[in-house]
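Coordinates in review
In case you want the letters, here they are:
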Amino acid sequence: MHRDRPQTADPVVADIGAGSGPSWLDSWLDRNRAELAGWRRTLHSAPELARSEHRSTALVARCLMAAGLEPCTLPGGTGLVCDVGYGDRCVALRADLDALPLVEATGLPFASSITGVMHACGHDAHTAIVLGAGLALASAPSLPGRVRLIFQPAEEVQPGGALDAVAGGAMAGVERIFALHCDPRLEVGKLGTRIGPITSACDMLEIRLTSPGGHTARPHLTADLIQAIGLLITQLPLLLTRQVDPRSGTVLVWGAVEAGDAANAIPQHGVLRGTLRTADHATWGELEDRIRALVAALLAPTGVGYVLDHVRGVPPVVNEEVSSGLLRDAAVAAVGPDAAATTEQSSGGEDFAWYLEHAPGAMGRLGVWPGTGPMRDIHQPTFDLDERALPLGVRILTRAALAALTSATESG
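In short, a report on the structure. (Residues numbered from 1 in each chain as written. Predicted model: local features only at pLDDT ≥ 70, side-chain atom pairs only at ≥ 80, totals over all residues. Heavy atoms only, no water.)

When the terminal C-alpha atoms of helix α1 (residues 23-45) are compared, their 33 Å separation across 23 residues agrees well with the 33 Å that a helix rising 1.5 Å per residue should span. Along its length, α1 reaches its greatest deviation from straightness, about 65°, at Asn32. (Helix = DSSP H or I, 4+ residues; strand = E, 2+ residues; numbered from the N terminus. Expected span 1.5 Å × (residues − 1). Bend = angle between axes of the 7 residues up to and from the residue.)

Pasting the structure below:
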């Protein structure tokens, strides 16, 4: 249950990029650093699950309207888009609003007041940063085009709320898009960038098997469902490795198996569930057909019936070279050359990939580790972040958007 309560007043958050300009951005952050952290803490204390982000959407909308902007709520009722500036050219900044079904264990004074729901992936920070970048841009004397703010619902569910935003017109006219994601393994003050894939595709498999059942003394008179499950568990991942390029990073891992109750009875029903991941976009497009063919071939001799549900997730996020460079350069301009860091491709999925089906762009990994103490991973009940990353995130996205618009204008 949500319990309204006051947030920590005027949180002190250092701006490690102070003085790096432009002057209007320095001025906005100097006036609004406490408010920036306050937004994040308010969102953190009242997290909402996928497609239920009504309070979060309303908070963002109120802040934007107070600045004279005109946000538009997405058709599903949560999430919104808002343009800042004028002109034909448009670049986008994306944030995600939803939280995770976890019980928070941080002990923070602004910890979740919603039982069993927690911002354990940094979406509260992502939202505060994009909101801050948008309001800072709105304070600029002029802009070389439009910056579209996208606050999407449901990043944490498959196939992702990015599809809701795209269907609602969020990418109409967008030439380039940027996003940041908190990285608790990277020290605050650094931005990890990478050209090419930075996340992986992730699909869900569920195979429901059926058999007439029977006595284990007479397996020849029925279809041995347990043996069929064993074949799938061991042989499907193995055979898949001979069907795809090993450089694609494709891996099938089972996470759940259910079948049978008695040692001397062949069961009638069984279920096998797992995840199928790949780092290669082209391979992702081929996997469902390959999986269906292999399952059919493996089960054909057993006589066991089956239904295969292959739930397509998200494609890999593939950072475009120019966009990745713009993010890196923005971090360097804000903090200095030590801000630039490389990052590895993750096996996790991210629905930011859907935006990249419509325009080039890049996602950067924003360091949120304070530099001392344990490195808490995302999706853990103890996850927290160093709030000095908030004003830096605003600086990076603001600079990247301006540079993209300037480049687009010059090239057009």
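A probe as big as a water molecule, rolled over the atoms, marks out the empty space that is left. Of the voids in this model, the largest pocket is the one considered here, and its volume is about 560 Å³. Lining of the largest pocket is provided by 26 residues; of these, Gly348, Gly349, Glu350, Ile378 and His379 occupy positions nearest its centre. When contributions to the lining of the largest pocket are tallied by element, the ones reaching two or more residues are β5 (176-187), β8 (201-210) and β16 (361-369). No other element matches the five residues that β5 contributes to the lining of the largest pocket. Per-class residue counts for the lining of the largest pocket are 10 nonpolar, seven polar and nine charged. (1 Å grid on protein atoms, 1.4 Å probe; cavity = no way out; pocket = protein on both sides within 12 Å on 5 of 7 lines; lining within 4 Å. Points joined across faces, edges and corners; volume = space filled by probe spheres on them. Nonpolar A, V, L, I, M, F, W, Y, C, P; charged D, E, K, R; others polar.)

Judged by pairing direction, the sheet is mixed, and its eight strands sit side by side in the order β1-β2-β4-β3-β5-β16-β6-β15 without closing on themselves. Two strands lie at the open edges of the sheet, namely β1 (72-73) and β15 (340-342), each paired on one side alone. Inspection of the sheet shows strand β6 (residues 191-193) paired to β16 by two bridges, in the antiparallel sense. Residue pairing for β16: Gly192 is matched across the bridge by Arg365. Against the sheet, helix α2 (residues 54-66) touches β1, β2 (80-84) and β4 (146-152), its axis set at about 20° to β2. Against the sheet, helix α7 (residues 321-335) touches β5, β6, β15 and β16, its axis set at about 55° to β5. (Pairing = 2+ DSSP bridges. Contact = heavy atoms within 4.5 Å. Axes fitted to C-alpha atoms, helices over the stretch in contact; angles between N-to-C directions.)

Okay, the pattern of salt bridges next. On inspection of all chains with the given rule, the structure shows 24 salt bridges. Among the salt bridges present, the one from Arg273 reaches Glu258, with a minimum N-O distance of 3.0 Å. Pair noted here: Arg273 is in strand β12 (residues 269-278) and Glu258 is in strand β10 (residues 251-259), with a separation of 15 residues, a long-range link. The class of Arg273 is partly exposed, set by a relative accessible area of 30%. (Salt bridge = Lys/Arg side-chain N within 4 Å of Asp/Glu carboxyl O. Buried < 20%, exposed > 50% of the residue type's maximum accessible area, 1.4 Å probe, protein only.)

Here we take up empty space enclosed by the protein. By the definition in use, this model includes one cavity of 30 Å³ or more. Its boundaries defined by the atoms lining it, the largest cavity holds a volume of some 50 Å³. Lining the largest cavity, in full, are Arg94, His126, Ile129, Val130, Ala179, Leu180, Cys182, Leu366 and Leu397. Every element with two or more residues in the lining of the largest cavity is listed here: α3 (123-138) and β5. Classifying every residue of the lining of the largest cavity by side-chain character gives seven nonpolar, one polar and one charged.

The subject of this paragraph is the packing of helix α5 (residues 225-240) against helix α6 (residues 281-299). The angle between the axes and the distance between the axes are what describe a pair of packed helices. Contact geometry of α5 with α6 gives a least axis separation of 10 Å together with a crossing angle of 140°. The angle between α5 and α6 falls in the class oblique. In this structure, the crossing between α5 and α6 has a hand that is right-handed. Contact residues: α5 offers Ala228, Leu231, Leu232, Gln235, Leu236, Leu239 and Leu240, while α6 offers Leu287, Ile291, Leu294, Val295, Leu298 and Leu299. Tallied by class, residues from the contact of α5 with α6 come to 12 nonpolar, one polar and no charged. (Parallel < 35°, antiparallel > 145°, perpendicular 65-115°, else oblique. Left-handed = near helix turned anticlockwise from the far one by under 90°.)

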